[in-house]
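Observations on the three-dimensional arrangement
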Amino acid sequence: MIAIYPGSFDPITIGHYDIIRRSSILFDEVIVAIMEHPLKNPTFTLDERILMIEDMVRDLGNVRVVFDSGLTINLAKKLNARVLIRGIRAVMDYEMELRNASVNKILDDDIETLFLLAMPEYSFISSSAIKEIAFHNGDFSRFVSPMVYEKLKVKYQK
Ligand code: ADP
């Protein structure tokens, strides 16, 4: 079975990676989908985000990266993915995810959203928190891959 894991990944963190790794054990193939959001102004370009994810998931044999700007369920259908994976860190995530999953279920009943709980030690990690630490010259090396670390340093710590 194929699963799709959509998100902004701006940039990918160790928390995202953990969800991808755990999903890759459960499914034959995991497709990480970078979804372009018309209202979001990303920090990293699409190419940079693809590169950073591909670099990090290289050791997992059944993961690939795609990007799209449409509805996630349409992409899932196109890619033959029956399962849509999302990570939940706290109640705040749950409220938003409940809304998204419910809308998706109404739009397409064939696709199931599967929630994986964040590992407790990663539950406070978000792309935006890491960018904030980087901006203020804090040490964020534990939360990202060496490639993402370098890219964030170049961007924020001149
Ligand atoms: P989006 O803009 O779609 O929320 P993100 O890239 O921020 O995209 O997140 C993609 C998915 O990964 C979401 O389901 C989010 O809850 C989950 N996620 C983000 N950070 C973590 C983490 N540290 N642990 C587990 N799941 C996470």
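For the structure, check the block above.
The following refers to the structure shown. (Residues numbered from 1 in each chain as written. Predicted model: local features only at pLDDT ≥ 70, side-chain atom pairs only at ≥ 80, totals over all residues. Heavy atoms only, no water.)

Looking at the packing of aromatic side chains
The cut-off we apply is this: We call Phe, Tyr and Trp rings a pair once their centres come within 6.5 Å, taking the six-membered ring for Trp, and we label the pair stacked below 30 degrees between planes, edge-to-face above 60, and tilted otherwise. Helix and strand assignments follow DSSP, with helices taken as H or I runs no shorter than four residues and strands as E runs no shorter than two, numbered in order from the N terminus. The rule is simple: take the accessible area with a 1.4 Å probe, protein chains only, and divide by the maximum for that residue type; under 20% is buried, over 50% is exposed, in between is partly exposed.
Tallying each qualifying case throughout the model produces 4 aromatic pairs. Ring plane angle 90 degrees and centroid distance 5.9 Å describe the contact between Phe-124 and Phe-143, whose orientation is recorded as edge-to-face. Here Phe-124, found in the loop between strand 5 (112–117) and helix 5 (127–135), pairs with Phe-143, found in the loop between helix 5 and helix 6 (146–156); they are 19 residues apart in sequence, far enough to count as distant. We classify Phe-143 as buried; its relative accessible area is 11%. Where Phe-140 meets Tyr-149, the ring centres are 4.9 Å apart and the plane angle is 50 degrees; that geometry is what we call tilted. Phe-140 sits in the buried class, given a relative accessible area of 0%. Classification of Tyr-149 by relative accessible area gives partly exposed; the value is 22%.

A short note on the site of the ligand
Let me state the cut-off plainly: It suffices for a single heavy atom of a residue to lie within 4 Å of a molecule or strand for the residue to be listed as near it. Polar contacts, as used here, are pairs of N or O atoms within 3.5 Å; protein pairs need one atom able to donate a hydrogen and one able to accept it. Residues neighboring in sequence count only if both atoms are side-chain atoms. Areas reported as accessible are Shrake-Rupley estimates using a 1.4 Å probe. Residue values count occlusion only from the protein chains shown. Nonpolar residues are Ala, Val, Leu, Ile, Met, Phe, Trp, Tyr, Cys and Pro. Charged residues are Asp, Glu, Lys and Arg, and all others, Gly as well, are polar.
The environment of the ligand is made up of 17 residues, and the closest members are Tyr-5, Ser-8, Lys-40, Gly-87 and Tyr-122. Contact between the ligand and Gly-87: an oxygen atom at 2.6 Å from a main-chain N or O atom of the residue. Against a free-state accessible area of 550 Å², the protein chains account for coverage of 88% of the ligand. Broken down by secondary-structure element, the contributors of at least two residues to the shell around the ligand are strand 1 (2–7), helix 1 (14–26), strand 4 (83–88) and helix 4 (91–107). Per-class residue counts for the shell around the ligand are 7 nonpolar, 5 polar and 5 charged.

Side note on a nonpolar patch on the surface
Spelled out, the test is: Any residue with relative accessible area above 30% and no salt bridge may belong to a patch, with like charges joined within 9 Å and the nonpolar Val, Leu, Ile, Met, Phe, Trp and Tyr side chains within 5 Å. For this analysis, a salt bridge means a side-chain nitrogen from Lys or Arg found within 4 Å of a carboxyl oxygen belonging to Asp or Glu.
A cluster of nonpolar side chains, Ile-25, Leu-26 and Leu-114, forms an exposed patch at the surface whose accessible area comes to about 300 Å². Given the relative accessible area of 32%, Leu-114 is considered partly exposed.

Focus: the pairing of strand 5
For the record, the criterion: Note on pairing: DSSP must find at least two bridges between two strands before they are called paired. The crossover handedness rule: strands pointing away from the viewer, path from first strand over the helix to second strand clockwise, crossover right-handed.
Relative to strand 5, strand 4 is paired through 6 bridges, and the arrangement is parallel. From the neighbouring strand, Gly-87 faces strand 5, where its bridge partner is Leu-116. Handedness of the crossover joining strand 4 and strand 5 through helix 4: right-handed.

Keep in mind these values describe shape, not function.
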